[in-house]
Amino acid sequence: MEQIDKKENKHSRREFLKNLTIAGGSAIIVGTFGFIFHSSPEDKVIKAIVVDFDKCTGCRTCEAVCSSYNNKIEVNGGLLDGPGNPNLSNIRIHHYNPDVDIPVICNLCDDAPCITACPVPPDLFTGRKALFRDEKNNTIRNDIERCIGCGQCAKACKNLRTGTIISNPDTGKPERICNLCNGDPQCVKYCTYEALTYIKVDNSREFFGLSADKIAQVLYERFYNIDLNN
């Protein structure tokens, strides 16, 4: 009889968790001793890397240091920064002619359309989809074990924002999402011309959420008086 009661209690608790609704879209984590509620992203300070296009020269230093820091190699049992292959960088420079250089990096949008587009149901205990916002630095992370490689996050990013996220050609899983180097973004640290800054996300700032092509159109007119629409 005791075993049956335990099963019934567990079932009731599970049903309660499934049906629990949290106002305002806050995330929920179920801990050993009860519930831990986390405020909505709107209540947090979300910082991201912002580009000053008047200063950027397209030197690609940011690509090299990003790739080197985030793709370490093992040497004699220790980890060293990698060789800096720009193809592995989470920030990518788009070059245009006439000369305009557009660094593209995750804007860490507070409404995160990429997460909204993820079709994987939220985990019962963490409230996270396969794509989720990390609690430490508010970066966008992907749980590769739960990710189904559908590419919906990349499509949402391309259609609605910067187009930063790309899908791995073999697995379909998202790549090139900025992790802010654990709170010390190397691209900002080593930018030769101080074109990159690490500041609070502001949806109203110029160029927020725009693709490289759309930014280039604005800069063509500003720098060269060229209107690509005519």
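Whatever comes next refers back to the structure up there.
What comes next is a walk through the structure. Here, residues in each chain are numbered from 1, in the same order as that chain's written sequence. pLDDT decides what is reported in this predicted model: residues at 70 or higher carry local features, side-chain atom pairs at 80 or more are listed and counted, and totals for whole chains, interfaces and linings draw on all residues regardless. Side-chain measures here rest on the full set of heavy atoms in the structure, leaving out hydrogens and waters.

**Examining the overall build of the chain**
- The helix and strand labels rest on DSSP assignments: H or I over at least four residues marks a helix, E over at least two residues marks a strand, and numbering proceeds from the N terminus. Across its full length, the chain holds six helices and twelve strands.
- Sequence-distant contacts in the chain: of pairs separated by 6 or more residues, those separated by 24 or more amount to 58%.
- With the model as given, the accessible surface of the chain reaches about 13,700 Å², and the carbon-plus-sulfur share is 50%. Only heavy atoms matter for contacts: two residues are in contact if any of them lie within 4.5 Å across the pair. Each accessible area value is a Shrake-Rupley result obtained with a 1.4 Å probe; residue values ignore everything except the protein chains displayed when judging cover.

**So, empty space enclosed by the protein**
- Two kinds of site are reported from a 1 Å grid over the protein atoms alone, namely cavities, where a 1.4 Å probe fits but cannot get out, and pockets, open sets with protein on both sides within 12 Å along at least five of seven lines, and residues are called lining when an atom falls within 4 Å of a point. Grid points are joined across faces, edges and corners, and a volume is the space filled by probe spheres set on the points. The full count for this structure, using the stated rule, is five cavities of 30 Å³ or more.
- Of the volumes computed, that of the largest cavity is approximately 130 Å³.
- Together, 14 residues line the largest cavity, and Val51, Phe53, Pro103, Asn107 and Ile215 are the ones closest to its centre.
- Put simply, the parts of the chain that give the lining of the largest cavity at least two residues each are strand 3 (47-51) and strand 7 (100-104).
- In terms of residue class, the lining of the largest cavity is built from eleven nonpolar, two polar and one charged.
- Around the second largest cavity, the lining comprises 13 residues; the ones closest to its centre are Cys106, Leu108, Cys109, Cys114 and Cys157. Any residue outside Ala, Val, Leu, Ile, Met, Phe, Trp, Tyr, Cys, Pro, Asp, Glu, Lys and Arg is labelled polar, Gly included; the first ten of those are nonpolar and the last four are charged.

**Looking at a nonpolar patch on the surface**
- A patch consists of residues whose relative accessible area exceeds 30% and which take part in no salt bridge; residues with like charges are grouped when within 9 Å of each other, and nonpolar side chains (Val, Leu, Ile, Met, Phe, Trp, Tyr) when within 5 Å. Think of a salt bridge as a Lys or Arg side-chain nitrogen and an Asp or Glu carboxyl oxygen that are within 4 Å of each other. Taken together, the side chains of Ile73, Val75 and Leu80 present a nonpolar region at the surface, about 220 Å² in accessible area.
- Inspection of the secondary structure assignment puts Val75 in strand 4 (residues 73-75).
- Val75 sits in the partly exposed class, given a relative accessible area of 34%. The cut-offs for exposure are 20% and 50% of the maximum accessible area for each residue type, with area from a 1.4 Å probe on protein chains only; residues under the lower value are buried, those over the upper are exposed, and the others partly exposed.

**Topic: the layout of surface pockets**
- If you add up the space inside the second largest pocket, you get close to 430 Å³.
- Taken together, 17 residues make up the lining of the second largest pocket; nearest its centre are Asn142, Pro174, Glu175, Arg176 and Ile177.
- Counting only elements with at least two residues in the lining of the second largest pocket, the list comes to strand 9 (140-142) and strand 11 (174-175).
- Among the elements that take part in the lining of the second largest pocket, strand 9 stands out by supplying three residues, more than any other.
- Of the residues assigned to the lining of the second largest pocket, the class counts are six nonpolar, seven polar and four charged.

**Thoughts on the nonpolar core**
- Remark: nonpolar core denotes a set of buried residues (Ala, Val, Leu, Ile, Met, Phe, Trp, Tyr, Cys) joined through side-chain atoms within 4.5 Å. Counting 46 residues, the largest nonpolar core has Ile102, Cys114, Leu131, Ile140 and Leu196 as the members making the most contacts within it.
- Every element with two or more residues in this core is listed here: strand 3, helix 2 (61-70), strand 6 (92-96), strand 7, helix 3 (113-117), helix 4 (152-160) and helix 6 (212-224).
- In terms of residue count, helix 6 provides more of this core than any other element does, five residues in total.
- Other than its neighbours up to four places away in sequence, Ile140 contacts Cys106, Leu108, Ala112, Cys114, Ile115, Leu131, Phe132, Arg133 and Ile177.

**Some words on the side chain of Asn90**
- Along the polypeptide, Asn90 turns up in the loop between strand 5 (78-80) and strand 6.
- Among the residues examined, Asn90 registers a relative accessible area of 11% and is labelled buried.

**Concerning the packing of aromatic side chains**
- Working definition: a ring pair exists when centres of Phe, Tyr or Trp rings (six-membered ring for Trp) sit within 6.5 Å. Plane angles under 30 degrees give stacked, over 60 give edge-to-face, the rest tilted. Tallied over the entire structure, the rule returns three aromatic pairs.
- Here the aromatic rings of Phe53 and Phe207 are separated by 5.1 Å at their centres, their planes lie at 80 degrees, and the arrangement is edge-to-face. Of the two residues, Phe53 sits in the loop between strand 3 and helix 2 while Phe207 sits in the loop between strand 12 (196-200) and helix 6, which places them 154 residues apart along the sequence. Each of the two residues, Phe53 as well as Phe207, counts as buried.
- Pairing Tyr220 with Tyr224 gives two aromatic rings, centres 6.3 Å apart and planes at 50 degrees, and the pair type is tilted. One end of the pair, Tyr220, and the other, Tyr224, are both in helix 6, four residues apart, so they sit about a helical turn from each other.
- Tyr220 sits in the buried class, given a relative accessible area of 5%.
- Taking the relative accessible area as the measure of exposure, Tyr224 reaches 35% and is therefore partly exposed.
- Clustering of aromatic rings is evident, with ring pairs tying together Tyr220, Phe223 and Tyr224.
- The rule is short: NZ of Lys or CZ of Arg within 6 Å of the ring centre and within 35 degrees of the ring normal puts a charge over the ring. Across the ring face of Tyr198, the terminal group of Lys47 is positioned such that the distance to the ring centre comes to 4.3 Å.
- In this structure, Lys72 packs its charged tip against the face of Tyr69, placed 4.3 Å from the ring centre.

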